[in-house]
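Tertiary structure, described
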Amino acid sequence: MKVTLLGVGLMGQAISERLLKKQQTLTVFNRSSEKTTVITAQGASTSQSAQQAIDASDYCLLLLSDAQAISAVLDTVEVNHFFGKYFIQMGTIAPEESRELEKYIQQRRGFYLECPVLGSLPEARTGTLILMAAGEKMTYQACLPVLNILGKNPRFFGPSGQAATVKLAMNQLIAGLTSSFSLSLSLIEKEAVDVDQFMEVVRSSALYAPTFDKKLDRMLQRDFSNPNFPSKHLSKDIKLFLDVAKQLGLNTSALEGIDQLLDKTIELDLANTDYSAIHAAINSDN
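A short tour of the structure in this document, coming up. (Residues numbered from 1 in each chain as written. Predicted model: local features only at pLDDT ≥ 70, side-chain atom pairs only at ≥ 80, totals over all residues. Heavy atoms only, no water.)

A word on the overall build of the protein. For the protein, the count of helices and strands is 13 helices and 9 strands. Residues classed as buried in the protein amount to 52% of the 286 residues present. Sequence-distant contacts in the protein: of pairs separated by 6 or more residues, those separated by 24 or more amount to 65%. Element-wise, carbon and sulfur atoms account for 51% of the exposed surface of the protein, whose accessible area totals about 13800 Å². For the protein, the distance from the average position of its 27 positive side-chain charges to the average position of its 31 negative side-chain charges is 7 Å. (Helix = DSSP H or I, 4+ residues; strand = E, 2+ residues; numbered from the N terminus. Buried < 20%, exposed > 50% of the residue type's maximum accessible area, 1.4 Å probe, protein only. Contact = heavy atoms within 4.5 Å. Areas by Shrake-Rupley, 256 points an atom, 1.4 Å probe, with all protein chains shown as cover. Lys, Arg positive; Asp, Glu negative; His and termini not counted. Charge placed at Lys NZ, Arg CZ, Asp CG, Glu CD.)

The next subject is the pairing of strand 4 (residues 59–62). Residues Tyr59 and Leu61 line one face of strand 4 and the alternating positions Cys60 and Leu62 line the opposite face, and both faces are buried. The pairing of strand 1 (residues 2–6) with strand 4 spans 4 bridges and is parallel. Bridging across to strand 4, Leu6 finds its partner in Leu62. Pairing geometry for strand 4 and strand 5 (residues 86–89), over 4 bridges, is parallel. (Pairing = 2+ DSSP bridges.)

Let's shift gears to the packing of aromatic side chains. Evaluated as defined, the whole model comprises 8 aromatic pairs. Measuring from ring centre to ring centre gives 6.2 Å for Tyr208 and Phe212, while their planes differ by 80°; the resulting arrangement is edge-to-face. Taking relative accessible area as the criterion, Tyr208 reaches 27% and is therefore assigned partly exposed. Residue Phe212 is classed as buried on the basis of its relative accessible area of 8%. Following the ring pairs from residue to residue traces out a cluster consisting of Tyr59, Tyr86 and Phe111. Over the ring of Tyr104 we find Arg108, and its NZ or CZ is 3.7 Å from the ring centre. Looking at Lys215, its charged tip hangs above the ring of Tyr275, at a distance of 4.3 Å from the centre. (Phe/Tyr/Trp six-rings, centres within 6.5 Å; stacked < 30°, edge-to-face > 60°. Lys NZ or Arg CZ within 6 Å of the ring centre and 35° of its normal.)

As structure tokens, this is what we get:
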């Protein structure tokens, strides 16, 4: 297959590595061209424009940071270059933003599928991402050859917007679980309780989530380097969730506190570190 990837951030690079490992013909475009250097060295072709990249393939994966970035890139492409192409939107955007993007692409006679993912860089490199798709069923079926390389048992949810909703819901859980665990761990540390004993209790209870152990050492060591999912991206997603939830009349007071903690994390110059850096904000004196 010939696949184009627009957006080569952390996840884009990892997905590129997976596609190349599976011997797919890959073309990449990124507005900051220096990010394509590693992927090009591994065998991908680099295009000088999004339009050129789209022309090179049948499938185009959108891994841009947000809906505004997607629009900024796609608006540079002439209308006739969308014809017959499959656009798979894999980032985190609002449900209504996804539906509007679907209209935009379909008006240009392209095909659209939203397919945000759960998992981080190791899962992307090994093809074990959790894929959540929505859109037209025939488009989903046509995209399965690509999706099956990136994850096992892709899930189809229905019309566009539904998978985007699930993705926002899951990222809200990421923020909630991480901040709650951090606060409990901070109390344990402040009171000099044995952390190992505390974790034994947590693991034996119905409250345990595997993410606690994944983030434990980072929090204890205050080492948030080499992120799979940076704090700034979680902060962006939580603000997006808040906007959508408020429009639907949901009480978001608990999440607003977490949003403030993520703002503090970024103020501490930890925007590009692992999102477990929220632990630093919880333990900040001001």
